[in-house]
Amino acid sequence: MADENQIVNNPEAEEEQTEQDINILKKIRMEKLEELKANNANPFEVMKYDVTIHNAEAKAEYEKTEAEAMAEAGDDAEALKAKLEEKRQNVRIAGRIMSWRDMGKANFIDVRDSSDRIQVYVRMNDIGADAFADFKKWDIGDIVGVEGFVFRTRKGEISIHAQKITLLSKSLLPLPEKWHGLKDQDTRYRQRYVDLIVNPDVAETFKKRSKIIATIRRYLDDQGFMEVETPMLVSNAGGAAARPFETHYNALDEDVKLRISLELYLKRLIVGGLERVYEIGRVFRNEGVDTRHNPEFTLMELYQAYTDYNGMMDLTENMFRYVANEVCGTTCVPYGDLMIDLGKPFERLTMIDAVKKYAGVDFSEVKTDEEAKKLADERHIEYEARHKRGDILNLFFEEYVEEHLVQPTFIMDHPVEISPLTKRKPSNPDYVERFELFITGREMCNAYSELNDPIDQRQRFEAQEELLKQGDDEANRIDEDFLRALEIGMPPTGGIGYGIDRLVMLLTNSSAIRDVLLFPTMKSLD
């Protein structure tokens, strides 16, 4: 075995590799690559390798074959050996060498593919002296193809007995020291490719993320929704309270923004007669980064004609339950020290009732902006001069209520001041037909009975423009084309937006949004 692999595989080497160590190891590997090229064995000229099975499947198939052979042979050891030889499974697998145990003329390596790791037994007598000599110069991290048969070792481990082994790609940089893995969070996020190699649980998180999104699509498709795509570069970034990123469109010589939501274009499609539409896509908000926020994230929005926010609540509850069952196999999912029950009916509270329950303040008795601000002063809740009674109610909610909403809870009937795109409640026009779903104290989705009155919508936009003048850089601007669409006529409609990343966090028991984003936003090191 090469000296490098003896060092990297040494369990006594407790210290992290230094930059100098890495440079030395890289130099050794570069020299090995040059030797391979000189011997007309450049691994980077290998164009393909025919894989017949993945590691996990090879193990499962062998266990099935072994069980059949044992049933046929009974207690006869010789008969069992003969049966296994008769049913011998020849395979071709490929993957990355993750560990190496040198026993002279016989070596054991662990090879990992996308499904699992499997032990490979490589013996000089089986692959030939020259091939074995070349093999001994390879390194942990190299990608190899193995042809052989599956067997169980004397220690009971299902393995592959190699009859031929091929170097498919040369790793020029060493992996993190195998006994420690990659633990530094910042490096894990910046070098996700290494994180996926050395921390198998990370790959499982992203496989589950993919399954969650596929399950959402399947559920909505079965409900008669149509998936669509809408512009990312827009002249007017509306539909949410957020600052947009801005750029310049050279071909049109025009400043444009990256979208902050999917809402306004999807509503245009409802006007156009597409009665059930949804989109899953990236949106971009020029805001801070923390455990729950990333400037670019995945949003799913859907709109359904001829229903309201009650219909959206039913759809949301059923969809969360369905996705949990399909992806996790249960509606009770662990999150940290909590067990979240998505199987029970979700609690439903108005924002006023929630604030009354947890803050002891009944905003139905608060009639003026001045009264609301006085209450905020008494509770030391900071607000801005432009804030009205409804804004203060929302500040009370954020301060006193959110942290208590651990189990699934719909918070309904928000104040009109914070809901510029939502229908007013006919029975109380100071409030709107809107809900947010909270789980583990976090907002999971936001839904409306959509405002389809173009006159009311124009007035709301004008109020938002006034807030913009007062310094609210997250306020919406008037969107004349959207108003034109509403004037054509939009049916009563329910709409909802889901943060896909937060749902993935919940169903994978991940505490930070960066753990469920393959390549989260990071500050440059330059």
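Our subject is the structure listed above.
Here the structure is a predicted model, which is why all the values come from computation and not from measurement.

Draft legend 1. Just the overall build of the chain, in detail. If you tally the helices and strands in the chain, you get 17 helices and 20 strands. By its C-alpha atoms, the chain is 90 × 60 × 50 Å across when sized along the principal axes. Buried positions account for 50% of the 526 residues belonging to the chain. For the chain, contacts bridging at least 24 residues in sequence account for 65% of all contacts bridging at least 6. Of the roughly 26,200 Å² of accessible surface on the chain, 48% is carried by carbon and sulfur atoms.

Draft legend 2. Expanded view of the sheet that holds strand β14 (residues 347-350). The strand order across the open sheet formed by eight strands is β6-β10-β11-β20-β19-β18-β15-β14, and the pairing between neighbours is mixed. Single-partner strands in this sheet number two, and they are β6 (226-227) and β14. Where strand β10 (residues 276-284) lies against strand β11 (residues 296-305), nine bridges are found, and the strand directions are antiparallel. By the bridge assignment for β11, Val-277 is matched with Tyr-303. Each of β6, β10 and β11 touches helix α9 (residues 200-222); the most contacted strand, β10, lies at about 155 degrees to it. In the packing of helix α12 (residues 351-359) onto the sheet, the strands contacted are β14 and β15 (409-412), and the crossing angle to β14 comes to about 95 degrees.

Draft legend 3. Structural context of the pattern of salt bridges. Summed over all chains, the structure comprises 45 salt bridges. Lys-37 serves as the salt-bridge partner of Glu-34, at 3.8 Å between the closest nitrogen and oxygen. One end of the pair, Glu-34, and the other, Lys-37, are both in helix α2 (residues 19-38), three residues apart, so they sit about a helical turn from each other. Lys-37 gets classed as partly exposed once you look at its relative accessible area, which sits at 37%. Here Arg-268 and Asp-479 are joined by a salt bridge, their closest N and O atoms 3.3 Å apart. With Arg-268 in helix α10 (residues 263-271) and Asp-479 in the loop between α15 (454-469) and α16 (480-488), this pair connects stretches of sequence that are 211 residues apart. By the burial criterion, Arg-268 is buried, and Asp-479 matches it. The structure contains a network of salt bridges with shared partners spanning Arg-29, Lys-32, Asp-139, Asp-142 and Lys-170.

Draft legend 4. Structural detail: helix α3 (residues 55-73). Across its 19 residues, α3 extends 27 Å between first and last C-alpha, which sits within 8% of the 27 Å expected from 1.5 Å per residue. When we look at burial in α3, the residues that qualify are Asn-55, Ala-58, Lys-59, Tyr-62, Thr-65, Glu-66, Ala-69 and Ala-73. Seen along its axis, α3 keeps its buried residues to an arc of 130 degrees; they face one direction. Facing away from the buried side of α3, by more than 90 degrees, are the exposed residues Lys-64 and Ala-71. The first or second residue beyond α3 is Gly-74, which carries a positive phi of 65 degrees.

Draft legend 5. Structural view of empty space enclosed by the protein. All told, the structure shown has one cavity of 30 Å³ or more when counted by the stated rule. Breaking the lining of the largest cavity down by element, the ones donating at least two residues are β19 (442-449) and α17 (500-508). The leading source of residues in the lining of the largest cavity is α17, at three residues. Split into classes, the residues belonging to the lining of the largest cavity amount to five nonpolar, one polar and two charged.

Draft legend 6. Inspection of the layout of surface pockets at higher detail. Of the volumes computed, that of the second largest pocket is approximately 650 Å³. For the lining of the second largest pocket, the secondary-structure elements that each account for two or more residues are α3, α4 (77-86), β3 (117-123) and β4 (143-152). A class-by-class count of the residues in the lining of the second largest pocket yields nine nonpolar, five polar and ten charged.

Draft legend 7. View of the packing of α3 against α4. For the pair α3 and α4, interaxial distance at closest approach is 9 Å and the crossing angle is 140 degrees. When the axes of α3 and α4 are compared, the pair comes out oblique. Between α3 and α4 lies a crossing of right-handed hand. Contacts from Tyr-62, Glu-66, Ala-69, Met-70, Glu-72 and Ala-73 in α3 reach Ala-79, Leu-80, Lys-83 and Leu-84 in α4. Residues of the contact of α3 with α4, tallied by class, amount to seven nonpolar, no polar and three charged.

Draft legend 8. Spotlight on α10. Turning to α10, its buried residues are Glu-263, Leu-264, Leu-266, Lys-267, Arg-268 and Ile-270. As for α10, its buried residues are in contact with β10, β11, β19, α16 and β20 (493-499). Just downstream of α10, Gly-273 is the residue with a positive phi angle, here 100 degrees.

Rules used throughout
Residues numbered from 1 in each chain as written. Predicted model: local features only at pLDDT ≥ 70, side-chain atom pairs only at ≥ 80, totals over all residues. Heavy atoms only, no water. Helix = DSSP H or I, 4+ residues; strand = E, 2+ residues; numbered from the N terminus. Buried < 20%, exposed > 50% of the residue type's maximum accessible area, 1.4 Å probe, protein only. Contact = heavy atoms within 4.5 Å. Areas by Shrake-Rupley, 256 points an atom, 1.4 Å probe, with all protein chains shown as cover. Pairing = 2+ DSSP bridges. Axes fitted to C-alpha atoms, helices over the stretch in contact; angles between N-to-C directions. Salt bridge = Lys/Arg side-chain N within 4 Å of Asp/Glu carboxyl O. Expected span 1.5 Å × (residues − 1). Arc of directions from axis to C-beta. 1 Å grid on protein atoms, 1.4 Å probe; cavity = no way out; pocket = protein on both sides within 12 Å on 5 of 7 lines; lining within 4 Å. Points joined across faces, edges and corners; volume = space filled by probe spheres on them. Nonpolar A, V, L, I, M, F, W, Y, C, P; charged D, E, K, R; others polar. Parallel < 35°, antiparallel > 145°, perpendicular 65-115°, else oblique. Left-handed = near helix turned anticlockwise from the far one by under 90°.

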